[in-house]
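The chain contents come next:
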Amino acid sequence: NDELAQLEQQIQQAEQALAELRNDEQALQEQITQAEQNLATLQNEKQALEQEIAQLEQQLAPLKSQRQTLQQQIAQKEQELAALKALPGERVGQIKKLQDEINALKTQLQTLQQQIAPLEQQLQEANDELARVEAEIQQTEQELQAAREEQARLQQQIQQLEQEIAQLDQQIQQVEQEIAQLEEQLAPLRNERQVLEQQVTQLSQQLAELQNEKQALEQQIAELGDELGVATEELARVEQEIQQTQQQILAANEELAQLDQQIVELTKRIELAGCV
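None of the values given here were measured: they were computed from a predicted structure. Positions within a chain are numbered from 1, following the residues in the order the chain's sequence is written. This being a predicted model, a pLDDT of at least 70 is required before a residue's local features are given, and a value of 80 or more before pairs of side-chain atoms are given or counted; all residues contribute to the totals for chains, interfaces and linings. Values reported for side chains reflect all heavy atoms of the structure, with hydrogen atoms and water molecules removed beforehand.

Novice: Mind laying out the environment of alanine 147, listing which residues take part and the relevant values?
Specialist: Summarising the element assignment, alanine 147 is placed in helix H2 (residues 92–230). Note on alanine 147: relative accessible area 13%, which makes it buried. Sequence separation between alanine 147 and isoleucine 32 is 115 residues, and the spatial gap between their C-alpha atoms is 6.5 Å. Setting aside its immediate chain neighbours within four residues, alanine 147 contacts Leu28 and Ile32. Here a strand is any run of E in DSSP of at least two residues, a helix any run of H or I of at least four, and the numbering for each starts at the N terminus. The classification of residues rests on relative accessible area computed with a 1.4 Å probe and restricted to protein chains. Under 20% of the type maximum is buried, over 50% is exposed, and intermediate values are partly exposed. Contacts were defined at the residue level, with two residues in contact if any of their heavy atoms lie within 4.5 Å.

Spelled out as C-alpha cells, the structure:
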C-alpha cells in the first residue's frame, strides 16, 4: 500500500530527527552541568576572595590609621621646626631635639610603611583577581542562560516531534485496519473467482469433447455420402441415418452455443473479480 509505505517513511524520518535532537539536548545538558559546576567554583572563589579582601582591609585599617597619625605628627613637628627656625636667636638645642623627634617619627613611618606595602599589594592583587572572577561569573552566567534557552527550544522541538510520531502511528493503525477490512472483503471474491475459473476449465473440456464428437459425426456423414453414390439400395436407410445425424449435429450446435455463452459470461465475471 503506497499510503502505508509513505507513512512508514515519514515516521522513520521523524524518529531519526528525534534521535538527533535528543543527542543534541543531552550534549547541551552536559554543557549546562559543566557550566553550573564552573559557576559554583567561581562563586566559591569570589566568596574566598571577598573574605581575604575583608581580612586584608581589617589588617590595614589600624595600620593606615597609625600612618595617618604619624604623617600628621610629622607635619606638625615640621611646622614647629620651621617656626622655631624663624625665631631670632640661637636655639640649637631645641632645634636638634625637634629634628630628632621628626626623624624618629619618620623612622616609625618608614617601618609602618614597610608593613603596609605588602598588605596593600596583596589587597590590590586580591581585588584584581576578584574583578577577573566576577567577569568570568558574568560570562558563565550569560553562557548558561543561552544554553538553557537553547535546551528549552530543543525540548520544545522534541515534544513536537513526539506528537507528530504519535499521530503518524495512529494513522498507520487506521490504514492497517482499512487494509485488513479490504482483505476480508476480497477473500470471498477471490474464492468465487477460483470457482469460476474451475467452471471455465470444465466447460472448455466439454466444448472440446463436443467438437470432437461433431467432427466424428461430420465424418460419418461424409462416409454415408460416399456409400450413397455406390449403394443406391441403401439410400433410404442412409438418408434416414443422415437425417438423424443432422438432428444430432443441430442439438450439438445448440449445446455448443449455450456453452459458448456460459464461457463468455464466466469470463466477464472473472475479469470483474480480477479488477477488485
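What follows continues from the structure just given.
Novice: If you had to explain the pattern of salt bridges to someone new, which residues and values would you point to?
Specialist: Think of a salt bridge as a Lys or Arg side-chain nitrogen and an Asp or Glu carboxyl oxygen that are within 4 Å of each other. This model, assessed by the stated rule, comprises 9 salt bridges. Two residues, aspartate 100 and lysine 96, come together in a salt bridge whose shortest N-O distance is 3.2 Å. Taken together, the residues span about one helical turn, with aspartate 100 and lysine 96 both in helix H2 at a distance of 4 residues. Among the residues examined, lysine 96 registers a relative accessible area of 51% and is labelled exposed. With a shortest N-O distance of 2.3 Å, glutamate 150 and arginine 153 are connected by a salt bridge. You can see glutamate 150 and its partner arginine 153 sitting in helix H2, 3 residues apart, about one turn around the helix.

These figures come from the coordinates and say nothing about function on their own.
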